[in-house]
Structures are given as C-alpha cells and as structure tokens.
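Residue strings, one per chain:
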Amino acid sequence: MHEMSLALRIIEVAESEAKKAAATRISSIEVEVGRLAGVMAEALTFCLDAASRGTMAESAKIVFITTAGSGHCLDCKRDISVDEFPAQCPDCHGFGVTINNGTELKIRSISIDDNEGRQDNV
Amino acid sequence: MCDSCHCNGNHDHQNVTIHHRSSHSHNHSQTEKTIRVERDVLDKNNTLGAANRAFFARQQILALNLVSSPGSGKTSILERTIRDVGRELTISVIEGDQQTVRDAERIQATGAEAIQVNTGTGCHLDAHMIQSALPQLKPTPHSLLFIENVGNLVCPALFDLGEAAKVVIISVTEGEDKPLKYPHMFRAASICVINKIDLLPYLDFDLALCKELARQVNPELIFFEVSAKNGDGFDNWYHWLRQEFLLINTVENS
C-alpha cells in the first residue's frame, strides 16, 4: 500500500510548514489528487489517520481536491478528457494519447491555529 | 483565486471531498490561518531519484528497475542474464524483498555482486533505499545495475529510483489482461518482458492479445518474449542490453 509512504510524507511536510509558522496544531490539510495519479483517496485517508497519530495533524480534517484527467490524441490532434487508463480517444478510438493533466499529487495548503497571531494581539 | 480552496481555479469544485476523521474535535473559536504549501507529495523521492540518476550517469552505469507481480521469474531472468553476459558486462544487483536474503544469495551464487534491501512491511523500493544501498554495493563504473523491486504491480509504479528504465515482467501463467488491471505499472515501464513462454503449449494464454492490451495502456512498450527455463528469446534481450549499455557509454563519452 504505497498510500502509507505518501501519507507519512504529507504529515512530514505539513508538520514542517506548521512548525515554521510556530503553530501547535494543524486543523486541516488540503491534498490535490489527480484522477490518473494512481492513488486512492480512501486508502490515503486511512493511512493519514494512522500516520498523523501523535503529530500536530492528529485531528486535522483532510480535504481532497480531485482534478480531472485530460490528454491529447496524437492521431486526431485534439484534447480529450481521460478518466482512466487505457486512455482511448472517443473519436478515432486510438490509444495514442499523451496525458496533460490528472497525475497530480500535491499538498496544496494547511490550516493551522494561529496561536502566534493571537498572542501578538493580546 | 478560488475562494473554496485558495487555488488558481483549475479544478471542478464538485470534486472537493472532506474527510472528517473520528478524532476530529477541536475548539473552532481559535483563529485559523491557511498556509499555501503547493508541494508535490513525491518531491523528496523524486529529488533523491534524480541524484541517483546523476550518479549512474557519472559512473556510466546502466540501471534497470525490474518490476512484476510475485513469481513472474525476475530472479530467474537475472540469474540467466548474469550467467550469459556476466563475463562481457559487469553486473551487480540490488534485491528488494519484504523479508529474507534468499534472492541475494541466488544472485551471489552466479558470481555477481548483490545486496539485499529488506523493506519490512514496505511494498516497494524508494529512491532513498537505493541511495543507501549504493555505498555498500559499490557498483563498478561502466557496468549494469539491476534493481529487482518488490513483487508488486501497484506501488513501485510511483517511485522513481533513478533508473534508466522500468522493465515490467509478466509470465504466461498470469492473465493476458494484467496490463489492463495494473495500467499504472505498464505505463511507467518502457520495456515488457514476457516470461515462461516454454509453457505456452500447455496454457490458454493468448500472447498476441496480452501484447495488444499492453500497447493500449502504453503504445511505446518494447517487448521481449523469453523462457528463463530454457533460454529461448534471451538473445534479443541481450542485444537490447548491449545496445543500451553502449548508448549510455557513448553519450557520456561524447
């Protein structure tokens, strides 16, 4: 289950960013998962639950942004949408398709409790 | 900027899903601050993979990452390859398995240098494991390095180890539709070796169909049909290995 390696990395990056901002708790993590990334959001959620135990992200909400897949048919020379592999052109039914989008796997943002800001305002 | 998720708006908001976890409970009255991160989850692995690739290029080492389901015959293919071309080309091997040093011992018996990397509960090798194994293995400059990945057609597809190519191995005792079932691996690979062809007379395996389905997933795949048992088809595989080996040496020397 490669999602566990990915989950550990997500928590590592989230904690490092939160520490830079002097936060004590991460309230949410936003992850972009492309439809063609080869990653199951459900499996990733399961692994994030385990990977975040005892970390600043222990109770964080996980927000997934699913990005659609798209490609380019090398025969028709047109852009097409691709939801899964094999990528087949709906017009010529050929499989000569290059992928443009949908393989993304990114940590977009994290939300933290702004303790520092609150203290500064006191 | 998109207000819902602070991105550049290049996605469909119907596809935003929030996973509340059982332990999700905190004081919402605290001030929340959002920090944009925009980091590829695989960035660390990819950076280490690039460092491995640069090392292989400097040393003129042709590194190939062998991937397959368990039991397809990766180790048998390696044993035969080392026995047949090991005098002509220096070959070393990184063996990846969850447990045991059995495969490394099989490879060492052929006379090649081999190191075993046990992933424990892990399901794939990553670039850091390869980076850590290299100082111990010390592959010779101008040589061939085979990385035998954990038998798994899913997870190793995502992890760049710094190899020149992923070689996916399938055996004719498996279903012809493996490429459709595990498309990410067949897309990540550039070479497909079909093993155990000596068994074709006894099976219903449709070789042409298997190749056709694999080409649907990855039209660029190059195929080799071999039998690690009797050696059939290995000449083509060796010809390709020699060509690739010469290519990296020529490129680096030019």
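Structure first, text after, so check above.
Calculation rules
Residues numbered from 1 in each chain as written. Chains lettered and ligands numbered in written order. Predicted model: local features only at pLDDT ≥ 70, side-chain atom pairs only at ≥ 80, totals over all residues. Heavy atoms only, no water. Core = buried A, V, L, I, M, F, W, Y, C linked by side-chain atoms within 4.5 Å. Buried < 20%, exposed > 50% of the residue type's maximum accessible area, 1.4 Å probe, protein only. Helix = DSSP H or I, 4+ residues; strand = E, 2+ residues; numbered from the N terminus. Contact = heavy atoms within 4.5 Å. Buried area = accessible area lost by both parts, 1.4 Å probe. Salt bridge = Lys/Arg side-chain N within 4 Å of Asp/Glu carboxyl O. Nonpolar A, V, L, I, M, F, W, Y, C, P; charged D, E, K, R; others polar. Pairing = 2+ DSSP bridges. Axes fitted to C-alpha atoms, helices over the stretch in contact; angles between N-to-C directions. Left-handed = near helix turned anticlockwise from the far one by under 90°.

Asker: Just checking my understanding: could you explain the nonpolar core for this structure?
Answerer: If you look at soluble globular proteins, the nonpolar side chains tend to sit buried side by side. Of all hydrophobic cores here, the largest spans 33 residues; its most connected members are Leu 6, Ile 26, Ile 29 and Ile 110 of chain A. Residue assignment for this core shows that the elements contributing at least two residues are α1 (3–20), β1 (26–34), α2 (41–51), β2 (61–67) and β6 (105–113) of chain A together with β2 (32–40) of chain B. With seven residues, the single largest contributor to this core is α1 of chain A. Counting 29 residues, the second-largest nonpolar core is a separate cluster that includes Leu 62, Ile 77, Val 193 and Val 226 of chain B.

Asker: Teacher, can you tell me more about the interface of chain A and chain B here?
Answerer: Quoted interface sizes are often the accessible area lost when the parts come together. Taken residue by residue, the interface counts 51 residues in chain A and 46 residues in chain B. Both sides of the chain A and chain B interface together cover about 4,400 Å² of buried area, and 55% of this is carbon and sulfur. For chain A, the biggest contributors to the area lost against chain B are Arg 9, Phe 85 and Arg 108 of chain A; these three give 14% of the whole. For the pair chain A and chain B, the interface holds five salt bridges. Its salt-bridge partner being Arg 9 of chain A, residue Asp 43 of chain B comes within 3.0 Å of it at the nearest N-O pair. Mapped onto the side of chain A that touches chain B, the elements with two or more residues apiece are α1, β1, α2, β2, β5 (97–101), β6 and α3 (115–121) of chain A. Considering only residue class, the side of chain A that touches chain B consists of 24 nonpolar, 13 polar and 14 charged. Examined bridge by bridge, β6 of chain A and β2 of chain B share seven bridges and lie antiparallel to one another. Bridged to Ile 107 of chain A within β2 of chain B is Arg 39 of chain B.

Asker: Any chance you could explain the packing of helix α1 (residues 43–59) of chain B against helix α4 (residues 127–137) of chain B here in plain terms?
Answerer: Two numbers describe a pair of packed helices, the interaxial angle and the distance between the axes. Residues and elements named next belong to chain B. Where α1 meets α4, the axes come as close as 8 Å, and the angle between the chain directions of the two elements is 35°. As α1 runs across α4, the sense of the crossing is left-handed. Together, Asn 45, Leu 48, Gly 49, Ala 51, Asn 52, Phe 55 and Phe 56 of α1 and Ala 127, His 128, Ile 130, Gln 131 and Leu 134 of α4 make up the contact between the two elements. Of the residues that constitute the contact of α1 with α4, the class distribution is seven nonpolar, five polar and no charged.

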